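# Coordinate analysis (summary)
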Amino acid sequence: MKEPARILVVGGGYVGMYTALYLQRRMKRGEAHIVVVSPEPYMTYQPFLPEAAAGSISPRHVVVPLRRVLNRCQVLLGEVRAIDHARHTATITTLATEEEGSGALELHYDELVLAPGSVSRILPVPGLAEHGIGFKTVEEAIGLRNHVLEQLDIASSTRDPDVRDAALTFVFVGGGYAGVEALGELEDMARYATRYYHNIEAADMRWILIEATDRILPEVGAEMGRYALSELRRRNVDVRLGTRLDSCENRVAVLSDGTRFPSRTLVWTAGVKPHPVLAASDLPRTGKGRLKCEATLRVAGVEHAWAAGDAAAVPDRTADEADAECAPNAQHAVRQARVLGANLLASLRGEPVEEYRHSYAGSVASLGFHKGVAHVYGRKLKGYPAWFMHRAYHLSRMPTFNRKARVFAEWCLSGLFKREIVSLGSLEHPRAEFELAAGTGRHPEGT
């Protein structure tokens, strides 16, 4: 009998999960053994992170458990450190290898699917590594929510005007989806929360958005981008276009225009870069570090290697320009995953493969509760209709009926009850109270 093909899927995000899901549904028993290597046991639906940060959705409902969904795959929690495709081996570290101290292990594969996603692009800005907060994972989203609410507590209890001003100043760097949606939702939440503080008014807070280019939300088009800009400024958000962050040492944000803002909150959403594992492989890459791919989602010039999503530079067959590439976003990633799965399966069976082609449908973005912008199939929407479309679209794209139902139920309940404004910052240091009781001398917030 023919040995089952060993398929290694690197990454448990959009592409990794949907590719593995497609394969396990359509492969015959014993046809292949699928191994999914992911640093987390879940897939995060990132478009819902801003609502999770604002408390509109429970954090556990924006993630999908990989072991439950991929019940016919082997899910391995770990990190792929290097890939030697010439030998068809991947070097992997897991929680067990770290505990055992045995070093990394090598995993052999027959077919490779590279979908590690991307990581935050950190620029060499003084003080950024020490004081910056990212917004790419569910942990960062919830940590940021707790942090913002804690700043209100600090401002309410201090007598020092400098400490109060720094606590009530929130700086966001990056005017793309992540920065604008995170700022919009958190500003909405914080403004609502101020009604429960006797000495803080919404006007006391200062929200600042820094963008190096001359526009925000380029994905929704120039007109809708201008509307989003005017909407944020109407809410007293200080939007600085054509401006860069030069320094944030000592919790003071210094901008390229010379402005200085003492601030205890600096959120960095200024773009992403390819995952480091791509550089630790012998596969061809573009000048920007992404994998060179064919329209069939096979790595260019390489057999038995496939890629899609943020990690792949995939030709856009629907564009007018010959060298156009598909944008690295969720809309393409989910659709590419299905084509990749179908092509990989066809390749194993000796059948012809097909090219990926998808005309960009448009974009939707939330600017807070009942506020949004959308540019979909040529139609432009703003305000409540765009916000409603944003929710409807992403609910339809949320994996599994279980998560769809839970998110929808939470939205229904939020219409009946008041918004939650509880900060659970102690979750980040669960042993703090025990250490204090044990006499270690550590204060619950000291760690």
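Keep in mind the model is a prediction, meaning the values are calculated, not measured.

Okay, the confidence of the model for the protein next. Of the residues in the protein, 97% have a pLDDT of 70 or more, and the chain-wide mean is 91. When mean pLDDT is taken per element in the protein, strand E11 (residues 169-173) scores highest with 97 and helix H13 (residues 432-437) scores lowest with 76.

Once that is clear, we can look at the pattern of salt bridges. Tallied over the full model, the rule gives 17 salt bridges. With a closest N to O distance of 2.9 Å, Asp238 and Arg240 form a salt bridge. As far as the burial class goes, Asp238 and Arg240 line up, both buried. A salt bridge links Arg240 to Asp257, with the nearest nitrogen and oxygen atoms 2.9 Å apart. Note that Arg240 is positioned in strand E13 (residues 237-241) and Asp257 in the loop between strand E15 (252-255) and strand E16 (260-262), a separation of 17 residues in sequence.

According to the stated counting rule, one finds nine aromatic pairs in the structure shown. A ring pair is formed by Phe170 and Trp207, whose centres lie 4.3 Å apart and whose planes are at 20 degrees; its orientation type is stacked. Within this pair, whereas Phe170 is found in strand E11, its partner Trp207 is found in strand E12 (residues 206-211), the two being separated by 37 residues in sequence. The exposure classification of Phe170 matches that of Trp207, with both residues buried. Taken together, the ring pairs in this structure connect Tyr14, Tyr45, Phe48 and Trp411 into an aromatic cluster. Positioned above the aromatic ring of Tyr18, the side-chain terminus of Arg338 is 5.8 Å from the ring centre. A cation sits over an aromatic face here: Arg419 above Tyr192, 5.9 Å from the ring centre.

The three strands lie next to each other as E14-E15-E16, forming an open sheet whose pairing is antiparallel. Both outer strands of the open sheet, strand E14 (245-247) and E16, are each paired with one neighbouring strand and no more. Along the sheet, successive strands turn relative to each other by an average axial angle of 35 degrees, direction set aside. Across three bridges, the pairing between E15 and E16 is antiparallel.

A few words now on the environment of Tyr356. You can see Tyr356 is positioned in the loop between helix H10 (330-348) and strand E22 (362-368). Taking the C-alpha atoms as reference points, Tyr356 and Val138, 218 residues apart in sequence, are found 30 Å from one another. In contact with Tyr356, other than residues within four places in its own chain, are Ala295, Leu297, Val314, Pro315, Arg317, Cys326, His332, Arg335, Gln336 and Val339. In terms of polar contacts, Tyr356 uses its side chain to reach the side chain of His332, at 2.7 Å.

Criteria and thresholds
- Residues numbered from 1 in each chain as written.
- Predicted model: local features only at pLDDT ≥ 70, side-chain atom pairs only at ≥ 80, totals over all residues.
- Heavy atoms only, no water.
- pLDDT = per-residue confidence, 0-100.
- Helix = DSSP H or I, 4+ residues; strand = E, 2+ residues; numbered from the N terminus.
- Salt bridge = Lys/Arg side-chain N within 4 Å of Asp/Glu carboxyl O.
- Buried < 20%, exposed > 50% of the residue type's maximum accessible area, 1.4 Å probe, protein only.
- Phe/Tyr/Trp six-rings, centres within 6.5 Å; stacked < 30°, edge-to-face > 60°.
- Lys NZ or Arg CZ within 6 Å of the ring centre and 35° of its normal.
- Pairing = 2+ DSSP bridges.
- Axes fitted to C-alpha atoms, helices over the stretch in contact; angles between N-to-C directions.
- Contact = heavy atoms within 4.5 Å.
- Polar contact = N/O pair within 3.5 Å; in protein donor to acceptor, adjacent residues only side chain to side chain.

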